[in-house]
Amino acid sequence: MTLILRLLKETHHLNRYLLLSIISASLCTIFQFSLLLLTLRALIQPTANQLWPMLAIILGLGLLIGITRYGEQYSGHYVAFKILSDFRIRLYRHLITLAPARLDDHHSSQLLKTITQDINAIEVFYAHTITPIATAMIILIFQGVVFGHYAIWLGLTAVISYLLIGLLLPWGYARLIAPVTPRLAKADRQNQKTITELISNQFVLQQHGLTNWAQKQANQTNATYAAGYRQKANLQSQQTVVITLFLTITTATFGWLVIKTHQPIWLAILFPLTFQRFLSLANLPGALSNGLAASKAIFNLLDEKPDINDNGTQTLSTGQSAIQVVANNLNFTYPKRPTDRILAHFNLTAVSPKIIGLIGKSGTGKSTFLKLLMRWYDPQSGTITIDGTPIQNLTLASLRQSINYMAQEPIILEGTVWDNLTLGKSFPEAKINDLLTSVRMKTVVDRLEHGLDTPISPRSNPFSAGETQRLSLVRALLYPSQILLLDEPTSNLDSINEAIILKTVKKHYHGLVLLVTHRKSSLAICDQVLDVGSLGAKAD
Ligand SMILES: Nc1ncnc2c1ncn2[C@@H]1O[C@H](COP(=O)(O)OP(=O)(O)OP(=O)(O)O)[C@@H](O)[C@H]1O
């Protein structure tokens, strides 16, 4: 209930459209009911002198049905699409405050599900629950009163039948289906994950003769999913059968009452045609349970507090070339692994212009220190200062603009080669060509049919790993910054690529470079080498 109230509160600005949808839907059903009633009455009890007025009324009702149906669809879809876009925008905005830390942990696939599938489920929830329930209640009263006007027993039978079919049965089945839905969703996720892994890791599986084993795993998760799906489908078919049975019984009872109370026979024909709005409620349990589960996931994400705040007000002056970074007595554990201390009393001083190599055993915390410097996370205690200013006192924008970060896996964006280098800012082509020449990429790019205008994307990248890394160095050099963080940028590359990258950095970069590396050959360009283990990073 709290969830539903919060959903309504969060979308209160759309309430007038919801109301419009409910009013249009109710009017539409009232006009349909009146049309059926008048037509049946005219057919079964024809009166010659009423033919033309009757035809005019029927035509008028037809027109009104069209208009109100349009109003219902228009406002319903408006609410649904607005909710879709509003929640997406809110979630994206919120994610920007949570990222990069939130995307740095290992649950980003769940996050993507929340952004895509869960928002869609909320949209379905609004489209298929609130308006249908409210409309059904209005129609229940209206049709109950109309039938009651002919005979009180007819009115009562109609109301009880509507309640049974629109409320009690769906509610009963909702209780039966409720435990199955999350189980099914979990099995579905597991199944998709297993199959994706089976396909994407096929090479490794074949190499180790594990294809059959992986296939068995996939069959098992698939069987669990299929069993859950069958259970849900069975319950839903059962519900359809029970509803049909109830409809038959209530129609027969109503017909019998019509005869008993000497009412016109067309009332008995009209009655079974008046269930449309109540039958549509039968699908409610599915939409409701999916919608509630989805809103829970979305609200959990929206309620998540960022690991860092952006309360700093100072900015770094961008012009100066010399810069000093000091880490003083840092203590840090990742929020998700609070018992695993990564940095303990960690100290480091680095002054530009200099290339400083950071070395240390795998997992000691070299990349972690870079993440603290970029403020993906804040340390539990200790400070990092740049030119004497604690980085918490700087605006995030200023801090991050003063740092260029190149990771082991270069980032390729959807767009042309030019877009990927310039990130939308305008640069003289000669400057780009110069840098491309420095990293020996000019001829590689020129060989492409459309040169710098060639479209590339993470899925369709015509460059090798080394070439992509060299392009991302050009991007880094185009955007001036005082600090360049290189997180094992050459570890996947051959010595030629490594040499090109390091020589270009040495030649073109005049700020402070922190180079995390395991390769002895990379250390040759460093002015200073620091072993993070001796500075306070995790010893084992
Ligand atoms: N987002 C995270 N959440 C929890 N633990 C993390 C996270 N990122 C890294 N770790 C853990 O922190 C420790 C230090 O990782 P880090 O990547 O800083 O080490 P590293 O010295 O750069 O290692 P390598 O040389 O292998 O790249 C590791 O044990 C790692 O598993």
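Sequence positions are assigned chain by chain, starting from 1 and proceeding in written order. Selection of residues for local features in this predicted model requires a pLDDT of at least 70, selection of side-chain atom pairs for listing and counting requires 80 or more, and totals for whole chains, interfaces and linings are taken over all residues. Side-chain metrics in this entry use all non-hydrogen atoms of the structure; hydrogen atoms and water are not considered.

Asker: Can you lay out the site of the ligand for me, pointing to particular residues and giving the numbers?
Answerer: By convention in this text, a residue qualifies as near a molecule or strand provided that one of its non-hydrogen atoms is within 4 Å of it. The local shell around the ligand holds 18 residues, among which Ser362, Gly363, Ser367, Thr368 and His518 are the closest. A distance of 2.8 Å is found between an oxygen atom of the ligand and a side-chain nitrogen or oxygen belonging to lysine 366. Two N or O atoms count as a polar contact when they lie within 3.5 Å, although within protein this holds only if one can serve as hydrogen donor and the other as acceptor, and sequence-adjacent residues are included solely when both atoms are side-chain atoms. At a separation of 2.4 Å, an oxygen atom of the ligand approaches a polar side-chain atom of threonine 368. Residue burial considers only the protein chains on display, and all accessible areas are found by Shrake-Rupley using a 1.4 Å probe. For the ligand, the accessible surface in isolation is 640 Å², of which the surrounding protein chains cover 79%. Here the shell around the ligand gets four residues from one element, more than from any other, and that element is helix H13 (residues 366-373). In terms of residue class, the shell around the ligand is built from three nonpolar, seven polar and eight charged. Secondary structure is summarised from DSSP: a helix means a run of H or I of at least four residues, a strand means a run of E of at least two, and numbering begins at the N terminus for each. All amino acids are sorted into three groups, where Ala, Val, Leu, Ile, Met, Phe, Trp, Tyr, Cys and Pro are nonpolar, Asp, Glu, Lys and Arg are charged, and the leftover types, Gly among them, are polar.

Asker: Tell me about the packing of helix H6 (residues 152-177) against helix H9 (residues 211-260), residues and numbers included.
Answerer: Structural elements are reduced to axes, namely lines fitted to C-alpha atoms, with helices fitted over the stretch in contact, and the angle between N-to-C directions of any two is expressed from 0 to 180 degrees. With their axes 10 Å apart at the nearest point, H6 and H9 run at an angle of 170 degrees to one another. The angle between the axes of H6 and H9 places the two elements in the roughly antiparallel class. Among the residues forming the contact of H6 with H9, the class breakdown is 18 nonpolar, seven polar and one charged. Roughly parallel means an angle under 35 degrees; roughly antiparallel means over 145; roughly perpendicular covers 65 to 115; every other angle is labelled oblique.

Asker: Help me get a handle on the sheet that holds strand E4 (residues 381-386), residues and values and all.
Answerer: Hydrogen bonds along the backbone pair up the strands of a sheet, which may run parallel or antiparallel. The criterion for strand pairing is that DSSP finds at least two bridges linking the strands in question. With respect to topology, four strands assemble into an open sheet ordered E2-E1-E4-E5, the strand pairing being antiparallel. Every interior strand has two partners, whereas the edge strands, strand E2 (341-351) and strand E5 (389-390), have only one. In the sheet, strand E1 (residues 324-333) pairs with E2 via seven bridges, with the strands oriented antiparallel. Its bridge partner being in E2, threonine 333 is matched across the sheet by arginine 341. By the convention used here, residues are in contact when the closest approach between their heavy atoms is within 4.5 Å. Running at roughly 115 degrees to E1, H13 makes contact with E1, E2 and E4 of the sheet.

Asker: Any chance you could break down the side chain of threonine 135 for me, citing the residues and the numbers?
Answerer: Structurally, threonine 135 is set in helix H5 (residues 108-150). Apart from residues lying up to four places away in sequence, threonine 135 is in contact with Ile22, Ala25, Ser26, Thr29 and Arg277.

Asker: Just give me the short version of the sheet that holds strand E3 (residues 354-359), but keep the residues and values in it.
Answerer: Reading across the sheet, the five strands line up as E6-E9-E10-E3-E11 and stay open at both edges, with parallel pairing between neighbours. One side of each edge strand has no neighbouring strand; the edge strands of this open sheet are strand E6 (403-406) and strand E11 (528-531). Direction aside, the axes of adjacent strands within the sheet are offset by 20 degrees on average. Note: E3 against strand E10 (residues 512-516), five bridges, orientation parallel. Residue pairing for E10: leucine 358 is matched across the bridge by valine 516. Where H13 meets the sheet, it contacts E3, E6, strand E9 (483-487) and E10, and its direction lies at approximately 145 degrees from that of E10.

Asker: Run through the confidence of the model for the protein chain, naming residues and quoting values.
Answerer: On average, the protein chain scores 87 in pLDDT, and the residues at 70 or more come to 97%. Highest mean pLDDT in the protein chain belongs to E4 (95); lowest belongs to helix H4 (residues 101-104) (73). Confidence metrics for the complex model read pTM 0.69 and ipTM 0.97. Every residue is assigned a pLDDT by the predictor, reflecting its confidence on a scale from 0 to 100.

Asker: Explain the pattern of salt bridges to me, and be specific about the residues and the numbers.
Answerer: By definition here, a salt bridge exists when the distance from a side-chain nitrogen of Lys or Arg to a carboxyl oxygen of Asp or Glu is within 4 Å. This model, assessed by the stated rule, comprises ten salt bridges. We note a salt bridge from arginine 6 to aspartate 303, for which the minimum N-O separation is 3.0 Å. Taken together, the positions of arginine 6 in helix H1 (residues 2-10) and aspartate 303 in helix H12 (residues 284-303) put the pair 297 residues apart, joining distant regions of the chain. A 1.4 Å probe rolled over the protein chains alone gives each residue an accessible area, and that area as a share of the maximum for its type sets the label: buried under 20%, exposed over 50%, partly exposed in between. By relative accessible area, which is 26% here, arginine 6 ends up partly exposed.

Asker: If you had to explain the side chain of serine 472 to someone new, which residues and values would you point to?
Answerer: Mapped onto the elements of the fold, serine 472 is located in helix H18 (residues 465-478). Residue classification places serine 472 among the buried positions, given a relative accessible area of 7%.

Asker: Could you give me a rundown of unusual backbone geometry, with the residues and numbers involved?
Answerer: The backbone phi angle of histidine 262 is positive, close to 55 degrees, even though this residue is not glycine. Here histidine 262 shows up in the loop between H9 and helix H10 (266-270). Within the chain, arginine 375 stands out as a residue other than glycine whose phi angle is a positive 60 degrees. Structurally, the position occupied by arginine 375 is in the loop between H13 and E4. On the accessibility criterion, arginine 375 (0% relative accessible area) is buried.

Asker: Would you mind going over the packing of aromatic side chains in detail, with residue names and values included?
Answerer: Note on aromatic pairs: the rings of Phe, Tyr and Trp (six-membered ring only in Trp) are paired at centre separations within 6.5 Å, and the planes decide the class, stacked below 30 degrees, edge-to-face beyond 60, tilted for the rest. Applying the stated criterion across every chain, the model contains 20 aromatic pairs. Relative to phenylalanine 271, the ring of phenylalanine 147 has its centre 5.8 Å away and its plane inclined at 75 degrees; by these criteria the two rings are edge-to-face. With phenylalanine 147 in helix H5 and phenylalanine 271 in the loop between H10 and helix H11 (276-279), this residue pair connects regions lying 124 residues apart in the sequence. A residue is classified by how much of its surface remains accessible, and phenylalanine 147, at 0% relative accessible area, is buried.

Asker: Residue-level account of a nonpolar patch on the surface, with values.
Answerer: Candidates for patches are residues over 30% relative accessible area with no salt bridge; among them, like charges are joined within 9 Å and nonpolar side chains (Val, Leu, Ile, Met, Phe, Trp, Tyr) within 5 Å. A cluster of nonpolar side chains, Leu43, Ile44, Ile259, Ile265, Ile269 and Leu273, forms an exposed patch at the surface whose accessible area comes to about 580 Å². Turning to its location among the elements, isoleucine 259 is positioned in helix H9. Taking the relative accessible area as the measure of exposure, isoleucine 259 reaches 58% and is therefore exposed.

Asker: Residue-level account of empty space enclosed by the protein, with values.
Answerer: For cavity detection a 1 Å grid was placed over the protein atoms alone, and a set of points counts as a cavity when a 1.4 Å probe fits there but cannot get out; an open set counts as a pocket when protein lies on both sides within 12 Å along at least five of seven lines, with lining residues being those that have an atom within 4 Å of a point. Grid points are joined across faces, edges and corners, and a volume is the space filled by probe spheres set on the points. In the structure shown here, the tally under the stated rule is two cavities of 30 Å³ or more. Size it by volume and the largest cavity reaches roughly 40 Å³. What lines the largest cavity is simply Ile411, Ile412, Asn420, Leu421, Thr468, Leu471, Ser472 and Arg475. Sorting the residues of the lining of the largest cavity by element identifies helix H15 (417-422) and H18 as the ones contributing at least two each. With four residues, H18 is the single largest residue contributor to the lining of the largest cavity. Considered class by class, the residues forming the lining of the largest cavity number four nonpolar, three polar and one charged. For the second largest cavity, the calculated volume is near 30 Å³.

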